[in-house]
Amino acid sequence: MNFDPRFSGRKFTSVGTRPIRPDGIDKVTGRARYGADFNMAGQLVGRILRSPHAHARIVKIDTSKAEKLAGVKAVITAADLPDLTDGDAAMYDVLDNCMARTKALYDGHAVAAVAAVDARTARQALKLIEVEYELLPHVTDVDEAAKHTAPLINDTIFTEGLEEKPVKPSNVTKRSQFGHGDVHQGFGHADFIVERSFKTEQTHQGYIEPHACVANFSSDGTADLWVCTQGHFVYRQHCAQLLGMEASKLRVTSSEIGGGFGGKTHVWAEPVALALSRKAGRPVKLVMTRDEVFRASGPTSATSIDVKIGARKDGTITAAEATLRYSCGPYAGSWAEIGAMTAFACYKLDNVKTVGYEVLVNRPKTAAYRAPSAPMAAFAVESAVDELAKKIGMDPVDFRIRNAAQEGTRSSYGPVYGPIGIGPTLEAVKSHPHMKAPLGKNQGRGMACGFWFNFGGQTCTDLNIGMDGSVSLAVGTVDVGGSRASLSLVAAEELGIDYAQVKAIVADTSSLGYNDMTDGSRGTFSSSMATISAARNAIKILRERAAQMWDIAVDDVVWEKGHAIAKGEKHGNLGKLSLKEIAVESGKTGGPIAGHSELVADGAGVSFATHICDIEVDPETGATRVLRYTVVQDAGKAVHPTYVEGQYQGGAAQGIGWALNEEYIYGKDGRLQNPGFLDYRIPVCSDLPMIDTQILEIPNPNHPYGVRGVGETSIVPPLAAIANAVSNAAGVRMTHIPMSPPRILAAIEAVREWSK
Amino acid sequence: MAGVAVSTTINGDTVEFLCQADETLLDVLRDRLGLTGAKEGCGTGDCGACSVILDDRLVCSCLVLGAETEGRRVETIEGMAHGDRLHPLQQKFLEHAALQCGICTPGFLIAAKDLLAKNPDPTEEEIRFGLAGNLCRCTGYDKIVRAVQDAAIVMKGA
Ligand code: FES
Ligand code: FES
C-alpha cells in the first residue's frame, strides 16, 4: 500500500491525537492478566532442572527417585521431546535449547523438567533427579572462542561463507560481507584515518515479567497454550512442530505481555510445558524465576569490533571498513551479519566494506534485543566518526551532516534509500537548544546517530461492525506498548468515527489468520496498514448497504466523515446515513458488516535517530551521571505521539543502562555470576534525568499515512552518544562497554600516567 | 506440612487463609486469594513489582511471609480505586501514558501512593529517589515521574 499523498495535505482527525489506551484501566487496577496471572482447574506446577556447568556431556539422567515422590505427576527429559525437526537445523537448535539432548552447552541449559501438585513438591523433585555429567572445556569470551585453539562447542560446524570450505571445524559458524567500492583505494585518498578496536559486553532485555505459560494438552490431541509472547502465531508453529502436532490443533492465546524487547520472540519453556502436560494429562503452569530468565533466556551478543574510517581534510569520508565478531551462544545465528549491515547505514560512502563473524560461546542462545546487533556496531562506528571529526577539526554534527546518507544514496548494505530522516535528525540536533546549553566542570556532551531497518511482514486483521454501530478490531500483532490505542485511532480515522467507538483486541491463533510477531518495529506499522485495508473493505460494504437502503446505484454513494452520502443532484434530498444507521439495519440489508484484510506489509521505511547526551564524570571514582538526554527520531507519521515518545524514551533508557552498567559477568568456571536484578543493575528512576524527545515526520512512501516503525531505533545511538560524552568530559576514549566506574577510572589513570 | 491459619485485613476486608509457614505474602495473594495485581518480577526484593502496603509501610510482598500478616492490614492495587472512581495516581498514569507494558504499574502506583502519603509535595528528585526501588524497563521513567507530579498537584487541591 503506497503513501497516499492526499493524506499529507489532509488534516487527520484521530491519528496524531493522544487518547487513553483501551487496555489502560485494567492495567492500573491490577486486573490485566499477564502470563503468570492465569490459572486452570487441576493445574500442576512445572519446573525445569538446569545444568550448573558451562559445557558438559550428559552421560546419564536418572529420574526414578523424582518420579516416586508423592505429588509428582510427570518427569521429562529430551527423550520426551523426540527430534521431529526433519533436517530443519534452526528448529533443531530451538529444540536442543529447550531441552539439552546430548550436551549441556551453557550454565542454565535445561536438562529435565517436572510437573507436580505444588511448587514445593516440584522443587523437591528437581533435587531428586540425578544427572551424571562429563565436564568439557568451555569458552565464554567471543575473541577467545574465535581462536583456533578454543574448545570446540560443536564439531560439526565448518565456517560458512569462506571461499574454500575449511578443513577443520571451528566456533565461527559464518562469515558475511557487505559493501561496495574499493576501500583500499579510498583509504589512499584519506588525509586522516582513525582505526580502533571496541568491545561490548552481553546484556539482557531485562523485561520485568519472567516467561510464563499455562499449557493444557487434551487426550484428543489438541492443546491450548496461554503465554506471554511477542508472537503467538510463531509460538504455535514452533511448539506444534516440536511436539509433532498440526498447527491448527494448538490454540495459542497471548496474555498481556510484561515487556519483551525481542526476548519473547523465541520459545523457551513453552514446548516443555506442553510436553509435561501431555505426559501428566493435566494443565501445567510454568513460570521462570528471575535467575532462570538471566541464565537461560534472552541475552544479546557480546561483541568485538574493529573499525577504520578515513576522510579528506574537507570532511568527506573516503573509505570505511569494519570487522565485527558477535557471540551467538552455542547455536548458529546471524547476529554479526545484521551488525555488518547496519554499521555504516547512516552514511553516504563510495568505499565501504564490513565483514561479520558469528561466534559460538558457552552462553545462553543469543536472542533479539531491540534493533538487534545495531547498537554495538553503532557504538564502534559512531565513536570512530567522532574521533575522526576531532582529528579533522570539524564539529561532529557538521561532519556527520556532510557525510549523511540521502534519498538516492546506495546504502552500505545494498538497497538504495527512498526519503529518509538521517539528514533532518542531524539538522534538528544542530539547532536544538540542548546543543547550546552551558556545561560545567567534568561535564561533557556527546551525540551519535542510529539506524534500523524496520520490518513489515505477514499481517491479518478483522474489523467487525456491531449492530449498535460500534467497531471491534481484531489484530494478530501482540500489543507490547500501546498499539491497541494506535490501531483504534487508525480504524477511527479511516472510518471517520470516534475513537471511543472502536475497541481493539489481540485475537488468538484460532480466531485470525497468521501474523508474524511483534518484532522489527512492525506492530503499529503493519497492523495499521491491515486495519486501513480492512476498514476500506468495510466501507465498500457500508456503501453498498446504504445504496440498498436508498435504492440507488452504489456508485452514487460516497463515504465521508463516517457517513454515506448520496452523490449527484438527482439524490439531492437523500441526506446522509451514519455508520450506526447503516449498521442498525444490517440484519435486513444482507447481514453482518465486516472488513477483512490479509497482506504482507512490504515497505517498512527505514528509521534514523540522532541523540544528544550530557554526562558528568567524577575523575576520582570514574562514576558517571547522565545530566540531560535528548532523542530526535523520524516516525514517518506519529499515530499516537505519546506512545511514540514512550518508545523513544524507553529505548534511550535501555541504551543508557547498556552503556554504563549492564553486563553478564562469567566466572572462570563458566557460570553466570550476576543472574539477578541486584547485581545485574538496570537503570532505576534516580539514575536518569527526564528524556526529551523530538518527533520528526518524514512520510514513509510505502504506508498510506506515512507511518514508519518507531520501536527499536532509539536503542541504537545511546552507547556511542554516551561514550562520546564521556570522552569530552574526561578526555578519554572509551572502547569497552559498559563504561562502568572502574573502566572509566582505569582509562583516566592511564592518561594521567601517560602524560606524566 | 501443616498449614498456618491466618486472619488479616486486605483492602479493608477481613480475610482468613491457610498457608505454609515458608510461603510469601506475594504467593498467598496471587495463588491463594486470586489477587494477581501484585506481580513477581524477581522474588528477591529487587524490582518492586510486588509492592503492597503493610500497616502503612511500603513492603515487597515477596519478602514478607504470609503468616506474618496475622492481625495486620494489607493494601494492594486491587483496593486503590473506589468502585469505578480511579485514584488520582491511576488517572494520571493513564493520562500521561506512564505505562507501556504495565507489568510494573501496580507496584509503582502503590509505591507512589505511599510516597505521596508521606510527602505530599515532593520535588522531582524526591520522586526519583522515592521510586528507586521499583524497576520499569519500558518507559525510562520520564512519564511516570510526570504522572506522579501531576497527581500530587491534584491531590493537594482535593
Ligand atoms: S518480586 Fe518482589 S521485589 Fe521483585
Ligand atoms: S511499563 Fe513495562 S516495565 Fe514498566
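Here the structure is a predicted model, which is why all the values come from computation and not from measurement.

Basis of the calculations
Residues numbered from 1 in each chain as written. Chains lettered and ligands numbered in written order. Predicted model: local features only at pLDDT ≥ 70, side-chain atom pairs only at ≥ 80, totals over all residues. Heavy atoms only, no water. Helix = DSSP H or I, 4+ residues; strand = E, 2+ residues; numbered from the N terminus. Buried < 20%, exposed > 50% of the residue type's maximum accessible area, 1.4 Å probe, protein only. Contact = heavy atoms within 4.5 Å. Patch = residues over 30% accessible without salt bridge, like charges linked within 9 Å, V, L, I, M, F, W, Y side chains within 5 Å. Areas by Shrake-Rupley, 256 points an atom, 1.4 Å probe, with all protein chains shown as cover. Salt bridge = Lys/Arg side-chain N within 4 Å of Asp/Glu carboxyl O. Lys, Arg positive; Asp, Glu negative; His and termini not counted. Charge placed at Lys NZ, Arg CZ, Asp CG, Glu CD. Axes fitted to C-alpha atoms, helices over the stretch in contact; angles between N-to-C directions. Parallel < 35°, antiparallel > 145°, perpendicular 65-115°, else oblique. Nonpolar A, V, L, I, M, F, W, Y, C, P; charged D, E, K, R; others polar. Domains from an automatic or database assignment. Buried area = accessible area lost by both parts, 1.4 Å probe. Polar contact = N/O pair within 3.5 Å; in protein donor to acceptor, adjacent residues only side chain to side chain. Phe/Tyr/Trp six-rings, centres within 6.5 Å; stacked < 30°, edge-to-face > 60°. Lys NZ or Arg CZ within 6 Å of the ring centre and 35° of its normal.

Engineer: Honestly, unusual backbone geometry in this entry has me stumped. Any pointers?
Structural biologist: Following A:Ile737, the chain continues to A:Pro738 via a peptide bond in cis, the omega torsion being 5°. Within the secondary structure layout, A:Pro738 lies in the loop between β27 (736-737) and α22 (741-755). Positive phi, normally seen in glycine, also occurs at B:Asp55, with a value near 45°. Among the structural elements, B:Asp55 can be located in the loop between β3 (51-54) and β4 (57-60).

Engineer: Before we go on, may I ask you to explain helix α2 (residues 88-95) of chain B in this structure?
Structural biologist: Along an α-helix, a turn takes 3.6 residues, which lines up residues three or four apart on a common side. Within the sequence span of α2(B), burial applies to B:Leu89, B:Gln90, B:Lys92, B:Phe93 and B:Leu94. For α2(B), the secondary structure elements touched by its buried residues are α2 (24-28) of chain A together with α3 (105-118) and α5 (142-157) of chain B. Taken from the residues just after α2(B), B:Ala97 is the one with a positive phi, measuring 55°.

Engineer: What is the right way to read a negative patch on the surface from this model?
Structural biologist: Together, A:Glu616, A:Asp618, A:Glu620 and A:Glu749 make up a region of like negative charge exposed at the surface. Locating A:Glu620 in the fold gives a position in the loop between β24 (607-617) and β25 (624-634).

Engineer: Whenever I open this one, the packing of helix α4 (residues 89-98) of chain A against helix α8 (residues 232-243) of chain A confuses me. Can you help?
Structural biologist: The packing of two helices is summarised by the inter-axis angle and the distance between the axes. Residues and elements named next belong to chain A. Running from N to C, α4 and α8 point in directions that differ by 80°, and their axes come no closer than 11 Å. Taken as axis vectors, α4 and α8 run roughly perpendicular relative to one another. Facing α4, whose interface residues are Met-91, Val-94 and Leu-95, α8 presents His-238, Gln-241 and Leu-242. For the contact of α4 with α8, a count of residues per class yields four nonpolar, two polar and no charged.

Engineer: Would you mind showing me how to read the domain arrangement of chain B here?
Structural biologist: Size of an interface: often given as the accessible area lost when the parts come together. Residue and element names in this part refer to chain B. Domain assignment breaks chain B into domain 1 (4-79) and domain 2 (88-157). Between the C-alpha centres of domain 1 and domain 2 the distance comes to 22 Å. Across the contact, 15 residues belong to domain 1 and 13 residues belong to domain 2. Interface area for domain 1 against domain 2, summed over the two sides, is near 1100 Å², with a carbon-plus-sulfur share of 61%. In this structure, the connection of domain 1 to domain 2 is made through one salt bridge. The salt bridge partner of Glu-75 is Lys-113, with a shortest N-O separation of 2.7 Å. In this assembly, domain 1 and domain 2 are joined by four residue pairs in polar contact (both at pLDDT 80 or more).

Engineer: Sorry if this is basic, but what is going on with the packing of aromatic side chains here?
Structural biologist: The geometry of an aromatic ring pair is captured by the separation of the ring centres together with the interplanar angle, meaning the angle of the planes. Residue and element names in this part refer to chain A. Summed over the entire model, instances satisfying the criterion amount to 18 aromatic pairs over all chains. Where Tyr-417 meets Phe-608, the ring centres are 5.8 Å apart and the plane angle is 80°; that geometry is what we call edge-to-face. Here Tyr-417 is found in the loop between α13 (396-403) and α14 (422-430), whereas its partner Phe-608 is found in strand β24, with 191 residues between them in sequence. When sorted by exposure, Tyr-417 lands in the same class as Phe-608, which is buried. When the ring of Phe-451 is compared with that of Phe-453, the centres are 5.1 Å apart and the planes differ by 80°; the resulting orientation is edge-to-face. In terms of burial, Phe-451 and Phe-453 fall into one category: buried. Pairwise contacts between aromatic rings join Tyr-413, Tyr-417, Phe-451, Trp-452, Phe-453 and Phe-608 into one cluster. Just above the ring of Phe-158 sits the side chain of Lys-165; from NZ or CZ to the centre is 4.7 Å.

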